Amino acid sequence: MTGTQEYAPSVFEHQESVLNAGVLFSIPALIAQGLERFFNVFKPLPAGFYGLHHVILIFCFMTLCRIKNPEQLKNHPPGELGKLLGLDRIPEVSYFRRKIKQITDQSRSDQLHTELFQCWVKDMPEMFFYIDGHVLVYHGDKANLPKRFVSREKLCLPGTTEFWVNDQQGLPLMVITGELNEKLKTAIDEIIPKIIKDADLKKSSNPNEPIFTIVTDREAYEPAWFIYLWKTYRVAIITYRKNVKDKWDESLFQNTDIQTENGTVSMQLCEMGTLLNGHWFREIRKLSKDGHQTSILTTHPTLLMGEIAVRMFARWTQENYFKYMIANFDFDKMIEYGTEPVNQKRTIPNQEYKALTYKIKKQKEKLSRLEARIFKQAGDVKALDLDHLAKYITKNADLIDQITARKQEIEALKVKRKGVPSRITIAQMPEEYRYNKLKQEGKKLKNAVVMLAYRSESALYNIMYEFYKDNDKEGRMILKEIFTSDADMIPDYANKKLVIRLHSLSTPRANQAVKELCSVLNETETFFPLTNLMLVYETVAN
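Residues numbered from 1 in each chain as written. Predicted model: local features only at pLDDT ≥ 70, side-chain atom pairs only at ≥ 80, totals over all residues. Heavy atoms only, no water.

Asker: So what's going on with helix 3 (residues 52-64)? Residues and values would help.
Answerer: Compared with the 18 Å implied by 1.5 Å per residue over 13 residues, the 19 Å span of helix 3 between its first and last C-alpha is a close match. Most of helix 3 sits out of view: 13 of its 13 residues are buried. Once helix 3 ends, the next one or two residues include Arg-66, with phi positive near 60°. (Helix = DSSP H or I, 4+ residues; strand = E, 2+ residues; numbered from the N terminus. Expected span 1.5 Å × (residues − 1). Buried < 20%, exposed > 50% of the residue type's maximum accessible area, 1.4 Å probe, protein only.)

Asker: How would you summarise the layout of surface pockets if you had to cite specific residues and measurements?
Answerer: Once rolled over the atoms, a probe with the size of a water molecule shows which space is left empty. The calculated volume of the largest pocket comes to roughly 1500 Å³. Taken together, 47 residues line the largest pocket, and the ones lying closest to its centre are Gln-168, Gln-169, Gly-170, Glu-261 and Thr-317. Those elements that place two or more of their residues in the lining of the largest pocket are helix 6 (109-121), strand 8 (254-260), strand 9 (263-276), helix 9 (305-313), helix 10 (316-328), helix 14 (441-464) and helix 15 (471-483). For the lining of the largest pocket, the leading source of residues is helix 15, giving eight residues. Residue composition of the lining of the largest pocket, grouped by class: 21 nonpolar, 13 polar and 13 charged. Approximately 870 Å³ is the volume attributed to the second largest pocket. In terms of lining residues, the second largest pocket is bounded by 28 residues, among which Val-135, Arg-148, Phe-149, Thr-161 and Glu-219 are the most central. For the lining of the second largest pocket, the elements supplying multiple residues, two or more each, are strand 2 (128-137), strand 3 (147-150), strand 4 (155-166), helix 10 and strand 13 (347-349). Looking at the lining of the second largest pocket, its residues break down into nine nonpolar, seven polar and twelve charged. (1 Å grid on protein atoms, 1.4 Å probe; cavity = no way out; pocket = protein on both sides within 12 Å on 5 of 7 lines; lining within 4 Å. Points joined across faces, edges and corners; volume = space filled by probe spheres on them. Nonpolar A, V, L, I, M, F, W, Y, C, P; charged D, E, K, R; others polar.)

Asker: Account for the nonpolar core, naming residues and giving values.
Answerer: Counting 120 residues, the largest nonpolar core has Phe-25, Phe-38, Phe-212 and Ile-482 as its most contacted members. Among the nonpolar cores identified, the runner-up in size contains 16 residues, and Tyr-240, Ile-258, Met-312 and Ala-314 belong to it. (Core = buried A, V, L, I, M, F, W, Y, C linked by side-chain atoms within 4.5 Å.)

Asker: Just give me the short version of the side chain of Thr-63, but keep the residues and values in it.
Answerer: Within the secondary structure layout, Thr-63 lies in helix 3. We classify Thr-63 as buried; its relative accessible area is 8%.

Asker: Tell me about the state of the cysteines, and please be specific about residues and values.
Answerer: Counted according to the given criterion, the structure contains zero disulfides. Of the cysteine sulfurs around Cys-60, a residue in no disulfide, the closest is that of Cys-65, at 11 Å. Since its relative accessible area comes to 0%, Cys-60 is described here as buried. (Disulfide = S-S within 2.5 Å.)

Asker: If you had to explain the packing of aromatic side chains to someone new, which residues and values would you point to?
Answerer: Tallying each qualifying case throughout the model produces 18 aromatic pairs. Pairing Tyr-228 with Tyr-233 gives two aromatic rings, centres 6.4 Å apart and planes at 85°, and the pair type is edge-to-face. Take Tyr-228: its relative accessible area is 39%, and that puts it in the partly exposed class. An aromatic cluster is built from Trp-164, Tyr-321, Phe-322, Tyr-324, Phe-329 and Tyr-454, whose rings are joined through pairwise contacts. The ring of Phe-128 carries the charged tip of Arg-311 above its face, separated from the ring centre by 3.9 Å. Note that Arg-476 overlies the ring of Tyr-461, its terminal NZ or CZ placed 4.6 Å from the centroid. (Phe/Tyr/Trp six-rings, centres within 6.5 Å; stacked < 30°, edge-to-face > 60°. Lys NZ or Arg CZ within 6 Å of the ring centre and 35° of its normal.)

Asker: Account for the pairing of strand 16 (residues 487-492), with residues named and values stated.
Answerer: Walk down a regular strand and you will see the side chains alternate between the two sheet faces. Taking burial as the measure, the six residues of strand 16 include five buried ones, the bulk of the element. Both strand 1 (residues 15-18) and strand 16 contribute to a ladder of two bridges, which runs antiparallel. Within strand 16, the position partnered with Gln-15 by the bridge is Met-489. Bridging between strand 16 and strand 17 (residues 497-502) involves six bridges; their strand directions are antiparallel. (Pairing = 2+ DSSP bridges.)

Below, the structure is given as structure tokens:
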């Protein structure tokens, strides 16, 4: 079925016990979270059996079923997965990768990310953005990537840093990929204008009202820069204060009740003004039961003390997001292999200059140790007579020569370093050490699919809060079980319906949760993409 036909139509037949058919429960959430943006941004693929929507749906279903890369499709019957699309089978791995390449070759992933961000940010009740970096460690030998410290590995390893923007619930909104080893502060400088432009944010007439607020950890700590963000963009920041050495009087702290989404939280809080680098900041401290004081710094002029503390401590939702994504979606892995050059005019620290600086530092350390030995022994010189003094000088002549030699070597290294630039462009690097980067279009596409899948799963998870009391503990586990469970697929073309009848889950309480979920999903009256069949959800469990 190639010819002039653009793609094979989805034709559903009555099927029983289709593997992983429970993943079709995600379609209403996928559509609500922006699935159609993929179909609008990318151009149709070359005429063939599989169309653009087939490839994107396969990608989404793979993600939700925890099939972490195309190669793992070999472990699943292609005919069973094909039934989920109304086809006789899904493509084999090599052909599937070829279809993905046809998408990435369009170089429209950035536009897709922009449209998804615009779709998601318009529903945000408050403009608070959580920004943090995540290092993708590289273990291959094709790319020459700079090293950076990876906290979860406790090592300096080559890799690429992705800078994620999430909301207070931990839902992803945007991701920016660094070219080399950009710091979080540099990434935020790039992210702020993008948020303002893409979200179409305007400054309020109220001079004390920020356009939005950034919440980040200590990595981006720089008080003068915080003031710059406020004066330039009117963007406020909330972060932990670094290098806190004093303690406030514990009698100043007051018990503060704060209303959150999960109920009322009580904290011992205190606020004072703090002068840093000639600028005044609001400083809020939380007193723990063990006496520890956690210091929070902000440039937000009007936000209540308790709200500032809650917003800051909610940063752990982003850490939990990273942990969950690594464990469930394997989002560190790439789906496209190969390298591409970085901006050749970009400047980086000169490794030769750094090596000379390191040598000078080591020579100075050796010189200091030699001089310490001389000074230590010189303290006893006054008590020596002339004969013993002559012996002392003779004995330490070699030590004095070593000190002189070290000083000469340090001066020679300084002279040599003067002729070496501290920074060079990428083009000036030796070709065998010149930095490049991994191909990014495929990873950007995967990030978009992963964000869509996670937000869709989270939407279903939030729905279950209304009727499942143990949702905090078991909600996502039940959803994973739904996605990977068998279901009957019963098309009714006369009434334009496609019934998805889920088989029984592992526990009665999970089956009861599915019943309630079916009722909510059926109210959405969702149609299977590019068909006129309305999805109807049922469960065989009593």
